[in-house]
Amino acid sequence: MSSQDIPEENLPAAQDAHGAVGVADDKDPFADPGLPPHEHRIQDIDERAAKRSERTVALLFTVSMLATVGFIASYVAIDADQSVYIWPLGHISALNFALGMTLGVSLFCIGAGAVHWARTLMSDVEVAEERHPVASAPEVKAKVLADFKEGAKESALGRRKLIRNTMFGALALFPLSGVVLLRDLGPLPGTKLRHTLWSKGKLLVNMNTNEPLRPSDVVVGSLTFAKPEGLEEHDHDFQKEIAKAALMIVRIQPDNIKDKRELEWSHEGIVAYSKICTHVGCPISLYEQQTHHALCPCHQSTFDLSDGARVIFGPAGHALPQLRIGVNDEGYLEALGDFEEPVGPAFWERG
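An unreviewed UniProt entry annotates the chain as Cytochrome bc1 complex Rieske iron-sulfur subunit of Streptomyces fuscus. Regarding the chain, the UniProt comment filed under Subcellular location (unreviewed entry) reads as follows: "Cell membrane".

Caption draft 1: Quick look at a nonpolar patch on the surface. On the surface, a cluster of nonpolar side chains totalling about 410 Å² of accessible area is made up of Leu 176, Val 179, Leu 182 and Leu 185. A residue is classified by how much of its surface remains accessible, and Leu 182, at 51% relative accessible area, is exposed.

Caption draft 2: Summary view of the UniProt feature "transmembrane region" (unreviewed entry) in the chain. Following the UniProt record, the feature "transmembrane region" (unreviewed entry) maps to residues 57-78, 98-118 and 162-182 here. Here residues 57-78 runs as 95% helix and 0% strand, with 31 Å between its end C-alpha atoms. With 100% helix and 0% strand, residues 98-118 has end C-alpha atoms that lie 30 Å from one another.

Caption draft 3: Representation of the pattern of salt bridges in the model. Taken as a whole, this structure holds 11 salt bridges when the rule is applied. The salt bridge partner of Glu 54 is Lys 51, with a shortest N-O separation of 3.7 Å. Residue Glu 54 and its partner Lys 51 are both found in helix H2 (residues 47-77); the two are separated by 3 residues, about one turn of the helix. The class of Lys 51 is partly exposed, set by a relative accessible area of 37%.

Caption draft 4: Structural context of the environment of Pro 297. Structurally, Pro 297 is set in the loop between strand S8 (293-295) and strand S9 (302-304). Looking at Pro 297, the relative accessible area reads 39%, which means it is partly exposed. Here the alpha-carbon distance between Pro 297 and Ser 285, two residues 12 residues apart in the chain, equals 7.3 Å. Ignoring anything within four residues of it in the chain, the contact list for Pro 297 reads Pro 283, Ile 284, Ser 285 and Leu 286.

Caption draft 5: Main features of the nonpolar core. Judged by nonpolar contacts, the single largest core of 18 residues is most densely connected at Met 248, Ile 252, Tyr 273, Ile 284, Leu 305 and Leu 320. Those elements giving two or more residues to this core turn out to be strand S5 (247-251) and strand S6 (270-274). When sequence neighbours within four positions are dropped, the list of residues in contact with Met 248 reads Leu 223, Thr 224, Phe 225, Val 271, Ala 272, Tyr 273, Ser 274, Lys 275, Ile 284, Ala 294, Leu 305 and Leu 320. In this structure, Leu 213, Ala 245, Leu 247 and Leu 333 belong to the second largest nonpolar core, which totals 16 residues.

Caption draft 6: Quick look at helix H4 (residues 138-154). Given a rise of 1.5 Å per residue, 17 residues ought to cover 24 Å, and the 24 Å separating the end C-alpha atoms of H4 matches this to within 8%. Immediately beyond the C-terminal end of H4, within one or two residues, lies Ala 156, with a positive phi of roughly 65 degrees.

Caption draft 7: View of the state of the cysteines. According to the stated counting rule, one finds 1 disulfide in the structure shown. Note on cysteine connectivity: Cys 282 is disulfide-linked to Cys 298, with sulfurs 2.2 Å apart. Given an S-S torsion of about -105 degrees, the disulfide between Cys 282 and Cys 298 has left-handed geometry. Placement of Cys 282 in the loop between S6 and strand S7 (286-288) and of Cys 298 in the loop between S8 and S9 is noted, with a sequence separation of 16 residues between them. Take Cys 282: its relative accessible area is 13%, and that puts it in the buried class. Assessed through its relative accessible area of 34%, Cys 298 is described here as partly exposed. Here Cys 277 is not cross-linked by a disulfide; its sulfur's nearest cysteine counterpart is in Cys 296, at 3.8 Å.

What counts and what doesn't
Residues numbered from 1 in each chain as written. Predicted model: local features only at pLDDT ≥ 70, side-chain atom pairs only at ≥ 80, totals over all residues. Heavy atoms only, no water. UniProt positions renumbered as here; feature names shortened; annotations may be inferred. Patch = residues over 30% accessible without salt bridge, like charges linked within 9 Å, V, L, I, M, F, W, Y side chains within 5 Å. Areas by Shrake-Rupley, 256 points an atom, 1.4 Å probe, with all protein chains shown as cover. Salt bridge = Lys/Arg side-chain N within 4 Å of Asp/Glu carboxyl O. Buried < 20%, exposed > 50% of the residue type's maximum accessible area, 1.4 Å probe, protein only. Helix = DSSP H or I, 4+ residues; strand = E, 2+ residues; numbered from the N terminus. Contact = heavy atoms within 4.5 Å. Core = buried A, V, L, I, M, F, W, Y, C linked by side-chain atoms within 4.5 Å. Expected span 1.5 Å × (residues − 1). Disulfide = S-S within 2.5 Å.

Following this line, the structure appears as structure tokens:
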């Protein structure tokens, strides 16, 4: 229907300068028709209806709070391996279903409560205003602040305390869902990064032959890899433990050992160092017998095994940890304790 087909009595009359409303005609077919007359909602004229809407919004926010509590309770109480039959989905994870439902209900109720509040209780009067320059004049700024205060007053946030308090409760409680999910990052390491399977009396076992090492098995210039006694490849936690306990064993002429502590912790020139590079944890596997340098193949960090395994080249931040070793009554090489410092790369709580 064109503007010419609209009866003249139904067209809005010309407004004041703020509205700049005109009547469409042949000369100006696109004249601004203005805003239709404002229609009051039932909540605007009936306080009982407004109260019902207020209670509805408060109920939605309250359900959101209960759903958030249910999310946390489900995360704590439901076992991750437990399943439940849900038609038509079939057997699914009970934990995932509970977390998804409670989190969805919590989010939905916050949104639904806000929408219902805005549509039934906040002011819905439409205001038309001409565009103004970006740089507002002081009187315009004062008007905006006045309008904001008026809008805040018309939102009934101060007067509808039940809505305000339940909304704040729902919004404050909902972020706890995300905080609880941080638990899935894994348990705190505590002191696990500072300790390995090595302890006093643990035999040094050759990684290739799976046999305990004697001093005669390690010759000058050779490189031998060892693991703690009792750690087997078929163990469930083998990879986790060997990543901390893997040893690199070399034999150096005692006169060529420059570091005093290294000499004291060795046995007849046999020294045991962590195989794990202190840069990003790569396994060190290259050894140059003339210089006694060990090279990490990942980023070329180089350690001098005759001088406390200090870093002489590359990005590694500190020397390789040394394991104090000796020989037991049966003539096998054994550890005399654990490493004195954490193995591998530096971590945030390293002292």
